[in-house]
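The primary structure of each chain is shown beneath.
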Amino acid sequence: MYSIVSEYTTYTMKPWYVYIIRCNDMSLYTGVTTDVERRFEEHKEGRKGSKYVKARIPLKVVYVETHDSRSEAQQREHVLKRFTKIEKEALIKGKHKIV
């Protein structure tokens, strides 16, 4: 977390996260958030969750990356969503080169 100071006020910037959830059919879902635990609970409860996860049962968060801004996190999410399942599994296991 970092702060931006202006002459009027101080803003604390929360980090953004890219996460991967494993679902009950062993598929992987990738998303972004400022609070991984809260977002996972939303997916599990079926509220504010993606259509993809609503059709499955989310089991656990298997991967998380931290980014300084929403833009950075969304750019990384876009890259990860283009990974094959094999590449995502390697990333989760720490055997994939992070580009």
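Calculation rules
- Residues numbered from 1 in each chain as written.
- Predicted model: local features only at pLDDT ≥ 70, side-chain atom pairs only at ≥ 80, totals over all residues.
- Heavy atoms only, no water.
- Buried < 20%, exposed > 50% of the residue type's maximum accessible area, 1.4 Å probe, protein only.
- Helix = DSSP H or I, 4+ residues; strand = E, 2+ residues; numbered from the N terminus.
- Arc of directions from axis to C-beta.
- Contact = heavy atoms within 4.5 Å.

Draft legend 1. Local environment of helix H1 (residues 36-45). Among the residues making up H1, those that are buried are Val36, Arg39, Phe40, Glu42 and His43. Taken around the axis of H1, the buried residues stretch over an arc of 155°, which confines them to a single face. Where H1 is buried, its residues meet strand E3 (16-23), strand E4 (28-33), helix H2 (51-54) and strand E5 (58-67). Downstream of H1 by a residue or two, glycine 46 has a phi angle that is positive, lying close to 80°.

Draft legend 2. Summary view of the environment of glycine 94. Inspection of the secondary structure puts glycine 94 in the segment after helix H4 (85-92). Taking the relative accessible area as the measure of exposure, glycine 94 reaches 61% and is therefore exposed. Sequence separation of glycine 94 and tyrosine 63 is 31 residues, and the distance between their C-alpha atoms is 9.7 Å.

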